[in-house]
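# Fold and geometry: a report
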Amino acid sequence: MLHLIYHSPVDKAVLQRIECADDVVFFEGASLQLNKNGQLNIKIQKMVNNGINLHVLAVELETRGVSKEELTLGIKVIDYPYFVELTENSKVIKTWN
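This one's a predicted model, so the numbers in the text were calculated from it and none came from an experiment.

Once their charged atoms are close, side chains differing in charge can pair, the charge on each being opposite to the other. Counted under the stated rule, the structure contains 1 salt bridge. Residues glutamate 60 and arginine 64 are paired through a salt bridge, measuring 2.8 Å at the closest nitrogen-oxygen approach. Pair noted here: glutamate 60 and arginine 64 are both in helix α3 (residues 58–64), with a separation of 4 residues, about one helical turn.

What follows is the structure in structure tokens.
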């Protein structure tokens with residue numbers, strides 16, 4: 001399943017619905033929650049360690065002045081073509097606003 005998360009702060013109940021091998025892309029304000037010094041750092045790190053694929057678009061980081069080095073380890077920074085590929089390869093897409 002592909003999860004698209006837009007809202008900030010990111011609700012921990014939403015994160016609990018994500019399963020191993022799912023893909024998650026963070027957009028807009030949600031991308032700010034990926035900071036390695038943020039409140040969700042431990043939860044996000046556990047998700048990465050459990051095989052959940054966490055992504056953020058490079059343009060989302062650039063727009064918000066966030067560098068890759070500020071992200072929790074394991075977050076994949078992607079471009080639009082890769083995002084399109086994720087959507088094409090996902091049978092189910094869930095949007096969290």
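Time to look at the environment of lysine 43. Relative to the elements of secondary structure, lysine 43 occurs in helix α2 (residues 41–49). As for lysine 43 and valine 14, which are separated by 29 residues in sequence, their C-alpha atoms are 12 Å apart. Setting aside residues up to four positions removed in sequence, lysine 43 forms contacts with Leu15 and Gln16.

The next point concerns the sheet that holds strand β3 (residues 53–57). Ordered by their spatial adjacency, 5 strands build an open sheet running β4-β3-β2-β1-β5, and the pairing between neighbours is parallel. Strands with a single pairing partner mark the edges of an open sheet, and in this sheet they are β4 (76–78) and β5 (93–96). Pairs of neighbouring strands in the sheet enclose a mean axial angle of 25 degrees, with direction left out of account. Sitting on the sheet, helix α4 (residues 80–89) touches β1 (2–5), β2 (23–26), β3, β4 and β5, and the angle it makes with β3 is about 135 degrees.

As a further point, take the pairing of β3. Along β3, 4 of the 5 residues are buried, which leaves the element largely enclosed by surrounding structure. The parallel pair β2 and β3, bridged by α2, forms a crossover whose chirality is right-handed. Relative to β4, β3 runs parallel, the two being bridged by 3 bridges. Note that in β4 the partner of histidine 55 across the bridge is lysine 76. In this view, the connection linking β3 to its parallel neighbour β4 by way of α3 has right-handed handedness.

Parameters at a glance
- Residues numbered from 1 in each chain as written.
- Predicted model: local features only at pLDDT ≥ 70, side-chain atom pairs only at ≥ 80, totals over all residues.
- Heavy atoms only, no water.
- Salt bridge = Lys/Arg side-chain N within 4 Å of Asp/Glu carboxyl O.
- Helix = DSSP H or I, 4+ residues; strand = E, 2+ residues; numbered from the N terminus.
- Contact = heavy atoms within 4.5 Å.
- Pairing = 2+ DSSP bridges.
- Axes fitted to C-alpha atoms, helices over the stretch in contact; angles between N-to-C directions.
- Buried < 20%, exposed > 50% of the residue type's maximum accessible area, 1.4 Å probe, protein only.
- Right-handed = clockwise from strand over helix to strand, strands pointing away.

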